[in-house]
Amino acid sequence: MFISGFLVKPRSSQNGVSKTQSAGNQRHKSSLVGTSETTCATTYPKSFCEWLAGIIDGDGSIQVSKQGYTSLEITMGLEDLRLLRYIQHMLGGSIKMRSGASAYRYRLHNQLGMIKLMNCINGHIRHSARLLQLHRVCQVLDIPVILPITLDAQSNWFAGFFDADGTIGIAMKHRLPQLSIRVNNKLLQDVESYKVVFGGNIYFDSSQNGYYQWSVQSRKDVIMMLDYFKSSTFRSHKSRRFFLIEEYHSLYDLKAFQPESIHHKAWLAFLDKWNKLMI
């Protein structure tokens, strides 16, 4: 029908509620926001969708161009090319080395691929900035946004976000080695889920314009994360250090880190393996 010179077309949403929109105001249309109970058809396993959402929350960007085209970009270091290849295998898209940077950029921009992607990660994206991006893309693709589901210790989102923004390190403190698992982000709310589910502490670091760091250091908390690692799928190069945590604890109990220990050569060999996993 015509109203005041504009063509208005009624559209039926997924919950049966009609919404109208003028052709001259498409750029500012509203969209539905659903809950975790909303179901979306997807061709991808739930575990992959959760993990991918964590990757995108940490190192990705979902955008709408000025021309109205949607796209996904994920940028990671050279050492994680295999991870990006896995995403490419699952979603399609392309990978190119960034000019002047030691990093690769994965990109997906065809419409069908983006629709399938949205149906995969919708309900799993939770990073403050990324959720806003998701909403804008879903508006263009006419897909109702699903609010982030509550996380638990079985969610693969933690593995994906760790692959993007996590680290495992060993530092000497008071002549004793201390293993820590950490996740960093600019906003407190984007690391709080780790503390809620896995314990540990959150610290504020004023360097690099300030950021929040979730960290676990006690053996009990580290073992909890190790148990999670064994039941989830990590794919970054740094996550391979999880395989060495049990060896670390065994050598620590033997005090092999002490130079006078008869096991010190084993400790040095362990550190050599540990450091090579980050190359």
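Residues numbered from 1 in each chain as written. Predicted model: local features only at pLDDT ≥ 70, side-chain atom pairs only at ≥ 80, totals over all residues. Heavy atoms only, no water.

Chemist: So what exactly am I meant to see when it comes to the pairing of strand E7 (residues 70–77) here?
Modeler: Regular strands show a simple pattern: their side chains alternate between the two faces of the sheet. Of all eight residues that make up E7, six are buried, and the element is covered over most of its length. Bridge count between strand E6 (residues 60–64) and E7: five bridges; the pairing is antiparallel. Looking at the pairing, Ser61 lines up with Glu73 of E7. Between E6 and E7, which pair antiparallel and follow one another directly, the connecting turn spans five residues, one of which, Gly68, has a positive phi of 90°. Note that E7 and strand E9 (residues 103–108) share six bridges and pair antiparallel. Residue Glu73 lies in a different strand from E9, and its bridge partner there is Arg107. (Buried < 20%, exposed > 50% of the residue type's maximum accessible area, 1.4 Å probe, protein only. Helix = DSSP H or I, 4+ residues; strand = E, 2+ residues; numbered from the N terminus. Pairing = 2+ DSSP bridges.)

Chemist: Explain the packing of aromatic side chains to me, please; I cannot follow it from the model alone.
Modeler: How two aromatic rings sit relative to each other is given by the distance of their centres and the angle of their planes. Applying the stated criterion across every chain, the model contains 29 aromatic pairs. Centre to centre, the rings of Phe48 and Trp51 are 6.1 Å apart; their planes meet at 35°, and the pair counts as tilted. Of this pair, Phe48 and Trp51 are both found in helix H1 (residues 46–59), three residues apart, which corresponds to roughly one turn of the helix. Each member of the pair, Phe48 as well as Trp51, carries the same accessibility label: buried. The interplanar angle of 35° and the centroid separation of 6.3 Å between the aromatic rings of Tyr248 and Phe270 together place this pair among those described as tilted. With Tyr248 in helix H8 (residues 245–253) and Phe270 in helix H9 (residues 264–276), this residue pair connects regions lying 22 residues apart in the sequence. (Phe/Tyr/Trp six-rings, centres within 6.5 Å; stacked < 30°, edge-to-face > 60°.)

Chemist: Explain the nonpolar core to me, please; I cannot follow it from the model alone.
Modeler: Burial of nonpolar side chains together is a common tendency in soluble globular proteins. Counting 64 residues, the largest nonpolar core has Met118, Ile121 and Ile181 as the members making the most contacts within it. With seven residues, the top contributor of residues to this core is H1. Each of domain 1 (46–141) and domain 2 (156–276) gives at least three residues to this core. Contact partners of Met118, with chain neighbours within four places excluded, come to Ile62, Leu134, Val137, Cys138, Leu141 and Ile143. (Core = buried A, V, L, I, M, F, W, Y, C linked by side-chain atoms within 4.5 Å. Domains from an automatic or database assignment. Contact = heavy atoms within 4.5 Å.)

Chemist: Any chance you could explain the pattern of salt bridges here in plain terms?
Modeler: Should their charged atoms come close, side chains of opposite charge can pair. Throughout the structure, instances matching the rule amount to seven salt bridges. Measuring nitrogen to oxygen at the nearest pair gives 2.8 Å for the salt bridge that ties Arg219 to Asp253. One end of the pair, Arg219, is in helix H7 (residues 219–231); the other, Asp253, is in helix H8, and 34 residues separate them in sequence. The exposure class of Asp253 is partly exposed, given its relative accessible area of 48%. The partner of Lys276 in a salt bridge is Asp272, and the shortest N-O contact between them spans 3.3 Å. Here Lys276 pairs with Asp272, and both are found in helix H9, just four residues apart, close to one helical turn. Salt bridges sharing common partners tie together Glu73, Arg105 and Arg107. (Salt bridge = Lys/Arg side-chain N within 4 Å of Asp/Glu carboxyl O.)

Chemist: Help me understand H7, please; the structure alone is not making it clear to me.
Modeler: Every α-helix carries 3.6 residues per turn, so stepping three or four residues along brings you back to the same face. Across its 13 residues, H7 extends 18 Å between first and last C-alpha, which sits within 8% of the 18 Å expected from 1.5 Å per residue. Where H7 is concerned, the buried positions are Asp221, Val222, Met225, Leu226, Tyr228 and Phe229. Mapping the buried residues of H7 onto a view down its axis gives an arc of 160°, with all of them on the same face. When the buried face of H7 is taken as reference, the exposed residues oriented beyond 90 degrees from it are Lys220, Lys230 and Ser231. Looking at the buried residues of H7, the elements they touch are helix H5 (157–165), strand E12 (176–185), helix H6 (192–198), strand E14 (211–216) and H8. (Expected span 1.5 Å × (residues − 1). Arc of directions from axis to C-beta.)

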